[in-house]
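Below, each chain spelled out in residue letters.
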Amino acid sequence: MPAAKLLASDVNKKGLLHRMSHPFRITVLSDTHMPKKAKELPARLLEDLRHSDLIIHAGDWSKWELYELLSQYAPVEGVAGNVDDEVIIDRLGYHRIVLAEGKRIGIVHGHGQGGTTPSRARKTFHDSEVDCIVFGHSHIPFLENVQGVLMFNPGSATDKRRQPRYSYGRLLIQDETLEARHIFYDQK
């Protein structure tokens, strides 16, 4: 095995070697509605799945087979949405908190009565300490910091509804920092 090259960036000001770290990558999905809205996942998304450390799905999968497909790429955490069948509801429930690299991420679909989808999602975890809440239901990409909690709806990778583009999300955790962004594209 060849020796690794030591780069100047690998040595700090005191001359000590430090390990270069890579971000923990989470691919975030919701409202895929498969196979009704798509027979397969978009190529753009599949490429990202290959580089994921974790996959989060915030409900409205439609069929359990999607969970099994996603599990071929990385560990999967998710919840059921309002159109999911009893298999998904029984196996995943409607909300959960997962721990990833020291960050507590709440997952909920966001359906229900009263308020907006983001407010219903926030209310689900009002008694819980979370760093981020991932939700779906509206198919509308959303990213906002609400009272120190990152609220994140990835939109839909397969059913954009009235949105101009399809979307999914990416969470990156590195050096105790959690960052979110949307990935937008035109062709599913």
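For the structure, see preceding data.
None of these values were measured; they are calculated from a predicted model. (Residues numbered from 1 in each chain as written. Predicted model: local features only at pLDDT ≥ 70, side-chain atom pairs only at ≥ 80, totals over all residues. Heavy atoms only, no water.)

Peer 1: Teacher, can you tell me more about the pairing of strand β10 (residues 177-185) here?
Peer 2: Taken residue by residue, a regular strand's side chains alternate between the two faces of the sheet. When strand β9 (residues 166-174) meets β10, the two strands line up antiparallel, connected through 9 bridges. If you follow I173 over to β10, its bridge partner there is L178. What sits between the antiparallel neighbours β9 and β10 is a turn of 2 residues, in which D175 has the positive phi angle 50 degrees. (Pairing = 2+ DSSP bridges. Helix = DSSP H or I, 4+ residues; strand = E, 2+ residues; numbered from the N terminus.)

Peer 1: Explain the environment of A180 to me, please; I cannot follow it from the model alone.
Peer 2: By the element assignment, A180 lies in strand β10. According to the relative accessible area criterion, A180 is buried, its value standing at 14%. Each C-alpha atom of the pair A180 and G169 lies 7.2 Å from the other, and the pair is 11 residues apart in sequence. With near-sequence residues (within four places) excluded, A180 lies in contact with L143, L150, F152, R170 and L171. (Buried < 20%, exposed > 50% of the residue type's maximum accessible area, 1.4 Å probe, protein only. Contact = heavy atoms within 4.5 Å.)

Peer 1: What should I look at first to understand the pattern of salt bridges in this one?
Peer 2: One side chain can pair with another of opposite charge once the charged atoms of both are near each other. Per the counting criterion, the structure on display carries 7 salt bridges. Between D48 and R25 there is a salt bridge whose closest N-O contact spans 3.6 Å. Of this pair, D48 sits in helix α1 (residues 43-49) while R25 sits in strand β1 (residues 24-29), and the two are 23 residues apart along the sequence. One salt bridge connects D48 with R170, and the closest N-O pair in it is separated by 2.3 Å. Within this pair, whereas D48 is found in helix α1, its partner R170 is found in strand β9, the two being separated by 122 residues in sequence. The pair formed by D48 and R170 is uniform in burial state, with each residue classed as buried. Residues joined by salt bridges that share partners form a network here, namely R25, R44, D48 and R170. (Salt bridge = Lys/Arg side-chain N within 4 Å of Asp/Glu carboxyl O.)

Peer 1: Just checking my understanding: could you explain the sheet that holds β10 for this structure?
Peer 2: Where strands meet in a sheet, backbone hydrogen bonds hold them as pairs that are either parallel or antiparallel. Reading across from one edge, β3-β2-β1-β9-β10 is the order of the 5 strands in this open sheet, with mixed pairing throughout. The open sheet terminates on both sides in strands that have one partner only, identified here as β3 (76-78) and β10. Each adjacent strand pair in this sheet contributes to an overall mean axis angle of 25 degrees, direction not counted. (Axes fitted to C-alpha atoms, helices over the stretch in contact; angles between N-to-C directions.)

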